[in-house]
Amino acid sequence: MVALATGCSGMPAARSGTSATASTSSPSRASLAVGDANAPMPAPGTCTIGSRNGQPMPDPACTPGAINPAVTQATIGDTICKSGWTKTVRPPTSKTNRMKAESARSYNLGQDVKGEYDHLVSLEMGGAPDDPRNLWVEPGTIPNPKDAVENKLNDAVCSGLIPLATAQSTIAKNWVTAFDDAGLRVTGGKICLRDTPTQCATRGGDGTGE
């Protein structure tokens, strides 16, 4: 059976302030679709799990990512950087269990495949909560390596290292290379700017992902 865990769920510590210093050039908003709960689920058997560096990747044609319009650079202090906020937007399991089963059929995954029903752009990154374009059954253990990436990117955004749009677009494009693509490095357990390694996140998540 596909495991019942939904999304990657970190609840970051509260942080005020909304400015961010880009380490790479980026648009003011990620070039991703705005979340729509009524977006269609891909047809059964039309999606394929990919791989990068031994890690599972969603089919970009089926799961390109989508964002929550309530989360912008101007609102991060009251949304993704506020402790407990992701609980307020996480869909109920009564809904995600049904969606997960449909998504598994879209990806032609058997009933014995274990994995997390994952938000490609995580809730703590301002991802759309219940848009099928932002959800996929990520095979593997729970928690998984992607959770740690999401937590560090949230730290980077909420510490002002990179803009929200950069974090959203890089994790949607390729979560395995998101740090490099965003101009970041993990040093001594902290997320820091690659070109200015002394500039690091000043806060840390709880390590659970969301």
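Note that the structure is predicted; figures quoted are calculated from it, not measured. (Residues numbered from 1 in each chain as written. Predicted model: local features only at pLDDT ≥ 70, side-chain atom pairs only at ≥ 80, totals over all residues. Heavy atoms only, no water.)

Quick look at the overall build of the protein
As a reminder, the rule being used: Think of it this way: any DSSP run of H or I at least four residues long counts as a helix, any run of E at least two long counts as a strand, and we number them from the N terminus. Partly exposed describes any residue whose relative accessible area lies between the buried limit of under 20% and the exposed limit of over 50%, with all areas from a 1.4 Å probe on protein chains only and scaled to the type maximum. Contact between two residues is taken to exist if any of their heavy atoms lie within 4.5 Å; hydrogens are not considered.
Secondary structure summary: the protein contains 5 helices and 8 strands in total. For the protein, the N- to C-terminal ordering of α and β elements is β-β-β-β-α-α-β-β-α-α-α-β-β. Buried positions account for 48% of the 210 residues belonging to the protein. For the protein, long-range pairs separated by at least 24 residues make up 79% of all intrachain contacts whose partners lie at least 6 apart in sequence.

Structural notes on helix H3 (residues 145-158)
Note the following rule: Expected span, for any helix, means 1.5 Å times one less than how many residues it has. Here a polar contact means two N or O atoms within 3.5 Å. Within protein one must be a hydrogen donor candidate and the other an acceptor candidate, and residues neighboring in sequence count only if both atoms are side-chain atoms.
The terminal C-alpha atoms of H3, which comprises 14 residues, lie 21 Å apart, in line with the 20 Å expected from a rise of 1.5 Å per residue. Buried residues dominate H3, accounting for 11 of its 14 residues. Listing the buried residues of H3 in full gives Lys-146, Asp-147, Val-149, Glu-150, Asn-151, Leu-153, Asn-154, Asp-155, Ala-156, Val-157 and Cys-158. Contact partners of the buried residues in H3: strand E5 (115-119), strand E6 (135-139), helix H4 (164-173), helix H5 (178-181), strand E7 (184-187) and strand E8 (190-193). The N-cap of H3, judged by a side-chain oxygen 3.1 Å from the amide nitrogen of Lys-146 a few residues on, is Asn-144. Gly-160 sits one or two residues past H3 and shows a positive phi near 80°.

Describing the nonpolar core
Our working definition: By convention a nonpolar core is built from buried Ala, Val, Leu, Ile, Met, Phe, Trp, Tyr and Cys residues, the set being connected through side-chain atoms within 4.5 Å.
With 41 residues, the main nonpolar core has Ile-80, Leu-153, Val-157, Leu-161, Ile-162 and Leu-184 as its most contacted residues. If one sorts the elements of this core by residue count, H3 sits on top with 5 residues. Leave out the neighbours within four places in its chain, and Leu-153 touches Met-125, Ile-162, Ala-167, Ile-171, Ala-178, Phe-179 and Leu-184.

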